[in-house]
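Residues per chain, in single letters:
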Amino acid sequence: MRRWPLPLQPRFIVYTVVLVITAILLFEYIFEFTSFLVGIPLLVFGILAIIGTIDLIQTRHAVLRNYPLTAHIRFILEEIRPEIRQYFLESEKDGTPFSRDKRAIVYQRAKQALDKRPFGTQSDVYSTGFEWLHHSIAPKPVVREPFRVVVGGPDCSKPYSASVFNISAMSFGALSPNAIRALNIGAKRGNFAHDTGEGGYSSYHRENGGDIIWEIGSGYFSCRNVDGTFCPGKFEEAAQCDQVKMVELKLSQGAKPGHGGVLPAAKVSAEIALARGVLAGVDCVSPSRHSAFSTPLEMMEFIATLRRLSGGKPTGFKLCVGHPWEFLAVCKAMVETQIYPDFIVIDGKEGGTGAAPLEFTDHLGMPLREGLNFVHNALIGINVRNRIKLGASGKIVSAFDIARVMALGADWCNSARGFMFALGCIQSQSCHTDRCPTGVTTQDRWRQRALVVPDKAERVFNFHRATIEALAELVGAAGLDHPTEFAPEHFSRRISAHEVQSFAELYPSLAPGELLAGSGDKRFEIPWAMASAKEFRALPRAA
Ligand SMILES: Cc1cc2nc3c(=O)[nH]c(=O)nc-3n(C[C@H](O)[C@H](O)[C@H](O)COP(=O)(O)O)c2cc1C
Ligand code: SF4
């Protein structure tokens, strides 16, 4: 087969043509004195010729060495691939992690636009996994209720009446200052709670006075000593602030359980450093484990300390369930110390993050429903479910999502990405690059401008209000008075083409006190035997 000389081969031809045109233009420019007409094209082709030459001699990108200039088209297409898919190819039910339909309902509710759908469902109701809520023959009138739940057990002197739908933990640092401001103003107007995330209780959280859940992660930001350990004095001072309604010890989150985090030195600006209580321009590390405790018993003592220092505010912890025996070890520690958290937030594996390794986002941690059901039953099994409230998070954006997890044991729900959509997030998924197109997750001042605080605060408020109204309609349609009345028998799932099971069958419940009495339930029997209040590590299994 005849081979063309290298410069004429298809992969080089564009570069060759650019070089030839540049040479002709240069000749014209020098010898024909038509500088005005030739100057601009010469500049354009000259730049292209330089880029092509750099492509050819650089050593980092193999494709560029073999396809000088033309390979850039591939990079550009790669860059805009999510947008192309989203704008031209996605159907209503497509799109991950949130389908177009799910995003649309948030946008519509946030903008107070029409949120109804014509013609009938687009879901295949005969496909495996389809789920539905049973309605009542005698629906109740729809109430205009804020739907609140009181959090705080007997050891708490300042119980908090929380909305059943709140803003999940997202730090200043992961989110822009304007995003934090808009969320907090929305929370204040709608009387719901805004979780700080582990990045500290910043000035942007404080500016507008919306209710705060202060999350304490392993970096103890805003309450740490120089060496990164927990500082009781700093915590006490900030936690006593009236705006802080609850304190949440973060053990893990679903998108990256067991993984710490580093905010690179370049992103640790003076204001982030101030908010976190760290040095500016130095890597800001969140270790993967806490230094304030290392056993379940010590963890309970730490929770008691946080509650005391906060002046008796509801204090709990957030986790994505991992080894079952570790959570049961915490349960044993509760029983042994008689120290009980006021609440536990269960985050599902499906939860979001600013940035995490793929292996962690895809394969570590228990999905929300299994985790929630496990924790709910474990607390029933040690007879303390009535004094500990459960929050749930993981892809909860619609009223149906809320109702479904409340049926499985949640007392309230949190949403992170739902509220990001209300802020204008378009799911472009470049949060980790600092190039967020909507100003939600960037520290770049010019990009942050895109997020106009009063406008987006209004949308945060609207989204919450409209979702609660939709929830009220579901509650009424099911013949109930309050979403806390949703129970497993109210929901069904298609598990094959011919079979349907109720949640009550799919998620069987333990009897009160069953674990203490010695349960034979397969989900609990072995991990309970492996759990020790003295250590998180599993006890050896009896032969
Ligand atoms: C941008 C971003 C930042 C987050 N930061 C934190 C954090 O600081 N602490 C935490 O516990 N969870 C954090 N999360 C997890 C959320 O709080 C929540 O648990 C999880 O995203 C599930 O909710 P979603 O599916 O509604 O997003 C973050 C999530 C996102 C999307
Ligand atoms: S618009 Fe894109 S980059 Fe910005 S928050 Fe949403 S997903 Fe992240």
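Residues numbered from 1 in each chain as written. Chains lettered and ligands numbered in written order. Predicted model: local features only at pLDDT ≥ 70, side-chain atom pairs only at ≥ 80, totals over all residues. Heavy atoms only, no water.

A. Fine view of the site of ligand 1. As a matter of local geometry, ligand 1 sits amid 22 residues, with A169, E215, G352, K395 and R417 nearest to it. Against a free-state accessible area of 610 Å², the protein chains account for coverage of 98% of ligand 1. When the residues that make up the shell around ligand 1 are grouped by side-chain class, the tally is 4 nonpolar, 11 polar and 7 charged. (Near = heavy atom within 4 Å. Areas by Shrake-Rupley, 256 points an atom, 1.4 Å probe, with all protein chains shown as cover. Nonpolar A, V, L, I, M, F, W, Y, C, P; charged D, E, K, R; others polar.)

B. Representation of helix 1 (residues 10-31) in the model. Compared with the 32 Å implied by 1.5 Å per residue over 22 residues, the 32 Å span of helix 1 between its first and last C-alpha is a close match. Restricting attention to buried positions, one finds in helix 1 the residues F12, Y15, T16, V18, T22 and L25. (Helix = DSSP H or I, 4+ residues; strand = E, 2+ residues; numbered from the N terminus. Expected span 1.5 Å × (residues − 1). Buried < 20%, exposed > 50% of the residue type's maximum accessible area, 1.4 Å probe, protein only.)

C. Layout of the site of ligand 2. Close contacts around ligand 2 come from 13 residues, with C425, S428, Q429, C431 and C436 the closest. Along the lines of polarity and charge, the residues of the shell around ligand 2 split into 7 nonpolar, 6 polar and no charged.

D. Looking closely at the sheet that holds strand 15 (residues 500-502). Reading across from one edge, 1-14-15 is the order of the 3 strands in this open sheet, with antiparallel pairing throughout. Pairing within the sheet leaves two strands with one partner each, and these edge strands are strand 1 (131-133) and strand 15. The average undirected angle you get between the axes of adjacent strands in this sheet is 25°. The pairing of strand 14 (residues 491-494) with strand 15 spans 3 bridges and is antiparallel. Its bridge partner lying in strand 15, R493 is registered against Q501. (Pairing = 2+ DSSP bridges. Axes fitted to C-alpha atoms, helices over the stretch in contact; angles between N-to-C directions.)

E. How the structure looks around a nonpolar patch on the surface. A surface patch of nonpolar side chains, amounting to about 520 Å² of accessible area, comprises I40, L43, V44, I47, L48 and I51. Mapped onto the elements, L48 comes out in helix 2 (residues 35-57). (Patch = residues over 30% accessible without salt bridge, like charges linked within 9 Å, V, L, I, M, F, W, Y side chains within 5 Å. Salt bridge = Lys/Arg side-chain N within 4 Å of Asp/Glu carboxyl O.)

F. Layout of the nonpolar core. Membership of the largest hydrophobic core comes to 123 residues, with the highest contact counts inside it found for I344 and L379. Examining the composition of this core, we find that 9 residues originate from one element, helix 18 (residues 453-477), more than from any other. Sequence-distant contacts of L379, defined by excluding residues within four places in its chain, comprise F327, C331, M334, I344, V384, R385, I388 and L390. Formed by 5 residues, the second largest nonpolar core is a distinct cluster that contains F12, Y15, V18 and A49. (Core = buried A, V, L, I, M, F, W, Y, C linked by side-chain atoms within 4.5 Å. Contact = heavy atoms within 4.5 Å.)

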